Amino acid sequence: MTEYLLKVLVVGDGNVGKSSFVHRYVNGQFNKDYKMTMGVDFSMKLLPWTDTEKVRLQLWDIAGQERFISMTRIYYKGTSGCVIMFDVTNPDSFQSCRVWKQDLDSKAMLPDGNPIPCILLANKCDLPSRVVSTEFISRFSKENGFVAWMETSVKDNKNISEAIRRLVEEILSM
Ligand code: GDP
């Protein structure tokens with residue numbers, strides 16, 4: 001059995017749903033009052049992959065920040081993949097994704113020099129008050145070098161494990 005240890009970062013502005021996402025993925029729960037953590041949290045999850053391979057995921061969730069903050073290189077060290085998340089009801093959080101991506105690309109790369117595979121998640125798609133359109137997200141995702149983008153709802157458990165699978169597929173194909 002081959003085991004891959006993958007460090008995956010979950011970044012994005014405060015309140016977009018990062019902690020809820022990690023919590024949902026790791027524990028299968030959605031906690032309405034999941035409180036904002038301070039600093040960095042990390043959670044582990046074992047993901048059976050094929051008959052002969054399994055993936056041990058280490059999910060790093062930064063928290064406690066309302067807007068983009070430049071991360072130190074140490075934080076990015078050894079990263080295999082990244083989730084950048086925004087809230088479809090909050091245009092500022094969408095704008096910030098460009099900066100999150102630039103910060104990542106300027107400070108981290110794979111050992112072969114390629115950019116870290118990154119998936120863009122448009123969260124809270126269960127809410128009727130969405131303001132960021134899918135056409136816009138799709139174009140943005142291509143222009144900014146994301147491997148894919150997906151609509152998610154941590155609340156409705158929509159596309160959570162699918163998003164991680166998609167990212168892990170990309171990482172393992174590199
Ligand atoms: P973080 O600061 O990015 O880690 O965001 P949190 O995980 O703390 O979530 C912020 C708020 O958004 C919390 O009240 C969550 O319950 C709520 N939330 C997270 N994901 C969703 C979602 O998919 N839909 C809805 N309606 N609310 C969500």
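Nothing here was measured: the structure is a model prediction, and the numbers come from that model.

**Student:** Could you clarify how one ought to interpret unusual backbone geometry in this entry?
**Tutor:** The phi torsion of most residues other than glycine is negative, and most of the peptide bonds are trans. If you check the backbone angles, Lys124 has positive phi at about 70° while not being a glycine. Relative to the assigned elements, Lys124 resides in the loop between strand E5 (118-123) and helix H4 (134-143). The residue Asn157 is not glycine, and still its phi comes out positive at about 55°. Judged by its relative accessible area of 45%, Asn157 falls in the partly exposed class.

**Student:** Just to check I follow, could you spell out the pattern of salt bridges for this structure?
**Tutor:** A side chain with one charge may pair with a side chain of the opposite charge, provided their charged atoms come close. If you walk through the whole model with that rule in mind, you get eight salt bridges. Here Asp105 and Lys101 are joined by a salt bridge, their closest N and O atoms 2.7 Å apart. With a gap of four residues between them, Asp105 and Lys101 both fall in helix H3 (residues 91-107), about one helical turn apart. The partly exposed category is assigned to Asp105, whose relative accessible area is 32%. Between Lys158 and Glu151 there is a salt bridge; the shortest N-O distance is 3.7 Å. Put simply, Glu3, Lys54 and Arg56 are held in one network by salt bridges that share partners.

**Student:** How should the packing of aromatic side chains be read in this particular structure?
**Tutor:** Given two aromatic rings, their pairing is described by the distance between the two centres and the angle made by the two planes. For the structure on display, the rule yields six aromatic pairs. Through a chain of ring-to-ring contacts, the aromatic side chains of Phe86, Phe94, Phe136, Phe140 and Phe146 assemble into a single cluster. The side chain of Lys7 reaches across the aromatic face of Tyr75, ending 5.9 Å from its centre. The ring of Phe146 has Lys101 sitting right over it, with the charged end atom 5.6 Å from the ring centre.

Rules of the game
- Residues numbered from 1 in each chain as written.
- Predicted model: local features only at pLDDT ≥ 70, side-chain atom pairs only at ≥ 80, totals over all residues.
- Heavy atoms only, no water.
- Helix = DSSP H or I, 4+ residues; strand = E, 2+ residues; numbered from the N terminus.
- Buried < 20%, exposed > 50% of the residue type's maximum accessible area, 1.4 Å probe, protein only.
- Salt bridge = Lys/Arg side-chain N within 4 Å of Asp/Glu carboxyl O.
- Phe/Tyr/Trp six-rings, centres within 6.5 Å; stacked < 30°, edge-to-face > 60°.
- Lys NZ or Arg CZ within 6 Å of the ring centre and 35° of its normal.

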